[in-house]
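Residue-level listing of the chains:
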Amino acid sequence: MSEVVTKAVAALQEKMAGESFDGSAKFVIEGEGSVIIEGDTVREGDDATDVTLTADRDTFEAILSGDLNPTAAFMGGKLAVDGDMSAAMRLAGVLA
């Protein structure tokens, strides 16, 4: 597992702060690997999920830090969403 993915798992666990996500989502960090959120679990993995969000490392880090709004990243073409769009919106609510 890359250092970026390890840090992403820790950051997402902290951001969720005990919240649970109704569904499953995968963050693909281009060139680094992927992180899965399912229920209240965050882990490295590449399993099939309800929704997959793909971004480069800089975009992903900016979203996690709060410097970039996920909707703005999506509208600007920096974040690709594949799968259940309602799951992506629910995930944004959990991570806000």
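Parameters and conventions
Residues numbered from 1 in each chain as written. Predicted model: local features only at pLDDT ≥ 70, side-chain atom pairs only at ≥ 80, totals over all residues. Heavy atoms only, no water. Helix = DSSP H or I, 4+ residues; strand = E, 2+ residues; numbered from the N terminus. Contact = heavy atoms within 4.5 Å. Pairing = 2+ DSSP bridges. Phe/Tyr/Trp six-rings, centres within 6.5 Å; stacked < 30°, edge-to-face > 60°. Buried < 20%, exposed > 50% of the residue type's maximum accessible area, 1.4 Å probe, protein only. Salt bridge = Lys/Arg side-chain N within 4 Å of Asp/Glu carboxyl O. Arc of directions from axis to C-beta.

> Even after reading the chapter, I still don't get the side chain of Thr 59, so can you show me in this structure?
With respect to the secondary-structure elements, Thr 59 resides in helix 2 (residues 57-65). Setting aside residues up to four positions removed in sequence, Thr 59 forms contacts with Leu 68, Ala 73 and Lys 78.

> What should I look at first to understand the pairing of strand 1 (residues 21-29) in this one?
In this sheet, strand 2 (residues 33-39) lies alongside strand 1 in antiparallel orientation, the contact comprising seven bridges. Looking at the pairing, Val 28 lines up with Ser 34 of strand 2. A loop of three residues connects strand 1 with strand 2, the two strands running antiparallel in sequence, and Gly 31 in this loop sits at a positive phi of about 80°. Bridging between strand 1 and strand 4 (residues 51-55) involves five bridges; their strand directions are parallel. What sits directly across from Phe 27, in strand 4, is Leu 53.

> Would you mind going over the packing of aromatic side chains with me for this structure?
Note on aromatic pairs: each is described by the distance of the centres and the angle between the planes. Inspection of the entire model under this criterion finds one aromatic pair. Judged by centre distance (5.3 Å) and plane angle (65°), the ring pair of Phe 27 and Phe 60 falls under edge-to-face. With Phe 27 in strand 1 and Phe 60 in helix 2, the pair connects residues that are 33 residues apart, well separated along the chain. Each member of the pair, Phe 27 as well as Phe 60, carries the same accessibility label: buried.

> Got a minute to help me understand the pattern of salt bridges in this structure?
Side chains that carry opposite charge are capable of pairing whenever their charged atoms lie near each other. Within the structure shown, the criterion is met by five salt bridges. In this structure, Glu 3 and Lys 7 form a salt bridge, with 3.0 Å as the shortest nitrogen-oxygen distance. Of this pair, Glu 3 and Lys 7 both sit in helix 1 (residues 3-16), four residues apart, which is roughly one turn of that helix. Residue classification places Glu 3 among the exposed positions, given a relative accessible area of 55%.

> Hey, could you run me through helix 4 (residues 85-95) in this one?
Note on helix geometry: an α-helix contains 3.6 residues per turn, so any two residues three or four positions apart are oriented the same way. Taken together, the buried positions of helix 4 are Ala 87, Ala 88, Leu 91, Val 94 and Leu 95. Viewed along the axis of helix 4, the buried residues span an arc of 115°, placing them on a single side of the element. Of the exposed residues in helix 4, those oriented more than 90 degrees away from the buried face are Met 89 and Gly 93.

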